[in-house]
Amino acid sequence: MSKLSIVSELWRFLRVRKKWWLLPLVTFIVLLGLVLIFAQGSAFAPFIYTVF
């Protein structure tokens, strides 16, 4: 299963089931994951890990 099909499957689920309140939650989780991935090798890593 490709990553694009996962995104399209999620979009289809939100559209059909009318679960629009999940969209900000999913967006926040994805952005938080991206911040953690990109900050892992940077000088900001110690500051980010103290938050969690």
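Source: prediction; values computed, not measured. (Residues numbered from 1 in each chain as written. Predicted model: local features only at pLDDT ≥ 70, side-chain atom pairs only at ≥ 80, totals over all residues. Heavy atoms only, no water.)

A.B. asks: What exactly am I supposed to notice about a nonpolar patch on the surface here?
C.D. replies: Judged by side-chain polarity, Val30, Leu31, Leu34, Ile37 and Phe38 come together as a nonpolar surface patch covering roughly 520 Å² of accessible area. Note on placement: valine 30 falls in helix α2 (residues 22–39). (Patch = residues over 30% accessible without salt bridge, like charges linked within 9 Å, V, L, I, M, F, W, Y side chains within 5 Å. Areas by Shrake-Rupley, 256 points an atom, 1.4 Å probe, with all protein chains shown as cover. Salt bridge = Lys/Arg side-chain N within 4 Å of Asp/Glu carboxyl O. Helix = DSSP H or I, 4+ residues; strand = E, 2+ residues; numbered from the N terminus.)

A.B. asks: So what exactly am I meant to see when it comes to unusual backbone geometry here?
C.D. replies: Backbone phi values are negative for most residues with the exception of glycine, while trans is the configuration of most peptide bonds. Of note, lysine 18 is a non-glycine position whose phi angle comes to about 60 degrees, a positive value. Structurally, lysine 18 can be placed in the loop between α1 (3–17) and α2. Residue classification places lysine 18 among the exposed positions, given a relative accessible area of 58%. (Buried < 20%, exposed > 50% of the residue type's maximum accessible area, 1.4 Å probe, protein only.)

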